[in-house]
Protein chains: 2
Amino acid sequence: MDRIPILRMGNFLLVTIQVDLYDRLALNLESDLVQMVSKTGARGVLIDISALSIVDSFMGRIIGNIGSMSKIMDAETVVVGMQPAVAITLIELGLELKGVSTALNVEKGMALLQHKIGSSEDLEEDQDDSSVE
Amino acid sequence: MDRIPILRMGNFLLVTIQVDLYDRLALNLESDLVQMVSKTGARGVLIDISALSIVDSFMGRIIGNIGSMSKIMDAETVVVGMQPAVAITLIELGLELKGVSTALNVEKGMALLQHKIGSSEDLEEDQDDSSVE
């Protein structure tokens, strides 16, 4: 396998990471994801890592990269399903996943994304209003 | 990895198969899925196989099994994202995936499930009405 499937669900993209990411797989995922955000106009990216029982610094960095890339493509990233051991390891490795939100499961992650997108749209509307006045 | 994650999304369960299923993984998936259907009361199961470029008779049989198991647990199964080559192979192997519906992608699969569940609920309501009269 050299590609991780990206599923489109309305305004969001869902990625389920089930295998250890090696170099090429991670690069493919990054490029596929930004292309998919650009093509579909998705406003949120959900990354499910519930299948990962261990994580290393490479994996942590890739997740951080995806978050940063999505951010400059105007999409929020939420990591869901993190196992307790993975959270411990990430902090011990000094990886705080800046710019990436987390939620306990996919449903909560979707609710969080909807809330974030809703509030950013409100903000845009407010700004539009003020520019009109 | 010895477990494929099952994601709950409202009334539905979503499974993304990214790796070849070997014996133990397939058995775990079957048992996890029926337990999850029982625990959550899910009415539909979406199986995404867009990451599979090849399929063998074992894999085809497991997908059929999952469909049958879900059916007797009162949940519909929809397989989504099948690649053309996989469809050709399944038919050439004589596996017609009876009792399993298919859809082109997750969004269409969800719409199909919603339609199926909606129509079965209408039927139940009709039956309730007639028993009251």
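- By the naming in an unreviewed UniProt entry, chain A is RsbT antagonist protein RsbS, taken from Cnuella takakiae.

**A short note on the overall build of chain A**
- Check the secondary structure of chain A and you find four helices and five strands.
- Start at the N end of chain A and walk to the C end: the helices and strands fall as β-β-α-β-α-β-α-β-α.
- Computed over the C-alpha atoms, the radius of gyration of chain A is 15 Å, within 12% of the 14 Å expected from 2.2 N^0.38 for a compact globule of 133 residues.
- The 133 residues of chain A split such that 46% are buried.
- Expressed as a percentage of contacts within chain A between residues at least 6 apart in sequence, the contacts between residues at least 24 apart total 73%.

**Observations regarding the interface of chain B and chain A**
- Opposite the 17 residues of chain B that make contact, chain A presents 17 residues.
- Of the roughly 1,500 Å² buried at the junction of chain B and chain A (both faces included), carbon and sulfur atoms supply 64%.
- Across the chain B-chain A interface, the total number found is zero salt bridges.
- Applying the counting criterion to the chain B and chain A interface returns four residue pairs in polar contact (both at pLDDT 80 or more).
- Contributing elements (two or more residues each) for the side of chain B that touches chain A: β1 (6–9), β2 (12–16) and α4 (106–132) of chain B.

**Remarks on the pairing of β1 of chain B**
Residue and element names in this part refer to chain B.
- Of the pairings in the sheet, the one linking β1 to β2 comprises four bridges and is antiparallel in character. Residue pairing across strands places L7 opposite L14, the latter belonging to β2.
- Count of turn residues in the β1/β2 antiparallel hairpin: two residues, of which G10 carries a positive phi of about 60°.

**Here's the deal with the sheet that holds strand β4 (residues 76–80) of chain A**
All names here are of chain A.
- Reading across the sheet, the five strands line up as β1-β2-β3-β4-β5 and stay open at both edges, with mixed pairing between neighbours. Edge positions in the open sheet fall to β1 (6–9) and β5 (101–103), since each of these has one partner strand only. Each neighbouring strand pair of the sheet contributes to a mean axis angle of 25°, computed without reference to strand direction.
- Across the sheet, helix α2 (residues 57–72) is in contact with β3 (44–48) and β4; its angle to β4 comes to roughly 150°.

**Regarding the UniProt feature "domain: STAS" (unreviewed entry) in chain A**
- With numbering matched to this structure, UniProt assigns "domain: STAS" (unreviewed entry) to residues 2–113 of chain A.
- For the annotated span residues 2–113 of chain A, helix accounts for 46% and strand for 20% of the residues, and the straight-line distance between the end C-alpha atoms is 28 Å.

**Some points on the environment of N65 of chain B**
All names here are of chain B.
- Along the chain, N65 turns up in helix α2 (residues 57–72).
- Accessibility expressed as a relative area gives 26% for N65, which makes it partly exposed.
- Between the C-alpha atom of N65 and that of T102, which follows or precedes it by 37 residues, the distance is 15 Å.

**Considering the nonpolar core**
- With 58 residues, the main nonpolar core has I17, L21 and I49 of chain A together with I17, L21 and I49 of chain B as its most contacted residues.
- Counting residues in hydrophobic clusters, the runner-up holds 24 residues, among them V80 of chain A together with L7, L14 and I117 of chain B.

**Some thoughts on the sheet that holds β2 of chain B**
All names here are of chain B.
- Read across the open sheet, the five strands follow the order β1-β2-β3-β4-β5; overall the sheet is mixed. Pairing within the sheet leaves two strands with one partner each, and these edge strands are β1 and β5 (101–103). Averaged over neighbouring strand pairs, the angle between their axes works out to 25° when direction is ignored.
- Pairing geometry for β2 and strand β3 (residues 44–48), over five bridges, is parallel. Each residue of the ladder has a partner; that of V15, found in β3, is I47.
- Sheet strands in contact with α2 are β3 and β4 (76–80), and its direction is about 150° off that of β4.

**Quick look at the side chain of S101 of chain B**
Residues and elements named next belong to chain B.
- Here S101 is to be found in strand β5.
- For S101, a relative accessible area of 16% puts it in the buried group.
- Within the structure, S101 has its side chain in polar contact with the side chain of K116 (distance 3.0 Å).
- Among residues more than four places away in sequence, those in contact with S101 are T77, V78, V79, L112 and K116.

**Remarks on the environment of G60 of chain A**
All names here are of chain A.
- Take G60: it is sitting in helix α2.
- The class of G60 is buried, set by a relative accessible area of 3%.
- On a C-alpha basis, the gap between G60 and L93 in space is 8.9 Å, while along the polypeptide they are 33 residues apart.
- If sequence neighbours within four positions are ignored, G60 has contacts with V55, L90, L95 and L97.

Quick notes on the rules
Residues numbered from 1 in each chain as written. Chains lettered and ligands numbered in written order. Predicted model: local features only at pLDDT ≥ 70, side-chain atom pairs only at ≥ 80, totals over all residues. Heavy atoms only, no water. Helix = DSSP H or I, 4+ residues; strand = E, 2+ residues; numbered from the N terminus. Rg over C-alpha atoms; globule rule 2.2 N^0.38 Å. Buried < 20%, exposed > 50% of the residue type's maximum accessible area, 1.4 Å probe, protein only. Contact = heavy atoms within 4.5 Å. Buried area = accessible area lost by both parts, 1.4 Å probe. Salt bridge = Lys/Arg side-chain N within 4 Å of Asp/Glu carboxyl O. Polar contact = N/O pair within 3.5 Å; in protein donor to acceptor, adjacent residues only side chain to side chain. Pairing = 2+ DSSP bridges. Axes fitted to C-alpha atoms, helices over the stretch in contact; angles between N-to-C directions. UniProt positions renumbered as here; feature names shortened; annotations may be inferred. Core = buried A, V, L, I, M, F, W, Y, C linked by side-chain atoms within 4.5 Å.

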